[in-house]
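Descriptive structure summary
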Amino acid sequence: MSKQCHEVDFEIIGSSMQLVEIELDPQETVIAEAGAMNYMEQDIAFEAKMGDGSEPESGFFGKILGAGKRAFTGESIFMTHFTNEGHGKRKVAFAAPYPGSVLAVDLSKHQGEIICQKDSFLAAALGTNVTMKFNRRLGAGFFGGEGFILQSLKGDGMVFIHAGGTLIKKELKGEVLRVDTGCLVGFSPGIDYDIQRSGSLKSMVFGGEGLFLATLQGHGTVWLQSLPFSRMADRIIAHAPSKGGIAQGEQ
């Protein structure tokens, strides 16, 4: 059986503010979210395209449907394709716009798919199918917040996703793990995902942990992040000076 995705070599650089440097052989391609690229060597050509390129025969209307799903979730309808058009190996690097860790996942070792938060995807080998995945459960739909809209990454090659702060890996063997929805980065296909009430009414109102939590159960891998961007942004906004004044603690 022939391999669907391009085989790319890579190196994750840094410790607390990581980026991934991908090495492309001649005519190899990697796809990435718009704006994720840091630098690229000569002979790397890039082009914004509608779709991930995993189904070149899908036709115009198929690409429009996929773009519509991405637009509905607030994502760009275009993805950038980086191709090595030279005769030797060349490198291109990607990173998220806020501090964190880069996770490299070989989809062939996870039943050909992982599910991740919609804004955690960085880049992937050409041939990877990047689609939106909506949780069919009513609770997850209405109360999931950040956890409602997820991405499905399908293929048999390397994908690279970003976690804010420190990356935590959990292996579940049937037990239940409850997580703040913003702290969930991704999980493998053997994990069942839902949204449940965080506790009693008193805890929900005064506990500071949010009204609802993501509940994960099953057999597989779960990746978490210690610092969701939404949490960091809330703290920055809360302590920012208002109307040109001086921020609290800076007098």
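Residues numbered from 1 in each chain as written. Predicted model: local features only at pLDDT ≥ 70, side-chain atom pairs only at ≥ 80, totals over all residues. Heavy atoms only, no water.

Okay, a nonpolar patch on the surface next. Nonpolar side chains collect at one region of the surface, where Ile-13, Met-37 and Tyr-39 lie side by side and expose about 220 Å² of accessible area between them. Along the polypeptide, Met-37 turns up in strand β4 (residues 37-40). (Patch = residues over 30% accessible without salt bridge, like charges linked within 9 Å, V, L, I, M, F, W, Y side chains within 5 Å. Areas by Shrake-Rupley, 256 points an atom, 1.4 Å probe, with all protein chains shown as cover. Salt bridge = Lys/Arg side-chain N within 4 Å of Asp/Glu carboxyl O. Helix = DSSP H or I, 4+ residues; strand = E, 2+ residues; numbered from the N terminus.)

As a further point, take the pattern of salt bridges. Throughout the structure, instances matching the rule amount to four salt bridges. Here Asp-25 ties to Lys-89 by a salt bridge, and the two come within 2.5 Å at their closest N and O atoms. Of this pair, Asp-25 sits in the loop between β2 (19-24) and β3 (29-33) while Lys-89 sits in the loop between β6 (78-84) and β7 (90-94); the two residues are 64 residues apart in sequence, bridging distant segments of the chain. By relative accessible area, Lys-89 is classed as partly exposed at 44%. We note a salt bridge from Asp-43 to Arg-90, for which the minimum N-O separation is 3.2 Å. Residue Asp-43 is located in the loop between β4 and β5 (44-50), and its partner Arg-90 is located in strand β7; the two are separated by 47 residues in the primary sequence. (Buried < 20%, exposed > 50% of the residue type's maximum accessible area, 1.4 Å probe, protein only.)

Strand pairing in a sheet relies on backbone hydrogen bonds, with the paired strands running either antiparallel or parallel. The strand order across the open sheet formed by six strands is β5-β6-β3-β10-β13-β8, and the pairing between neighbours is antiparallel. Both edges of this open sheet fall to β5 and β8 (100-106), since each of them pairs with a single strand only. Strand-to-strand twist of the sheet, defined as the mean angle between neighbouring strand axes without regard to direction, takes the value 20 degrees. In this structure, β3 lies alongside strand β10 (residues 121-125), joined through three bridges in antiparallel fashion. Following the sheet pairing, Ile-31 is matched in β10 by Ala-124. (Pairing = 2+ DSSP bridges. Axes fitted to C-alpha atoms, helices over the stretch in contact; angles between N-to-C directions.)

This part takes up the packing of aromatic side chains. All chains considered together, the criterion is met by four aromatic pairs. Ring centres of Phe-10 and Phe-160 lie 5.1 Å apart, and the angle between their planes is 70 degrees; on these two criteria the pair is classed as edge-to-face. Of this pair, Phe-10 sits in strand β1 (residues 9-13) while Phe-160 sits in strand β13 (residues 158-164), and the two are 150 residues apart along the sequence. A network of ring pairs unites the aromatic residues Phe-46, Phe-82 and Phe-94 as a single cluster. (Phe/Tyr/Trp six-rings, centres within 6.5 Å; stacked < 30°, edge-to-face > 60°.)

Inspection of the secondary structure assignment puts Asp-194 in strand β16 (residues 191-197). Of the residues examined, Asp-194 reaches a relative accessible area of 14% and is grouped as buried.

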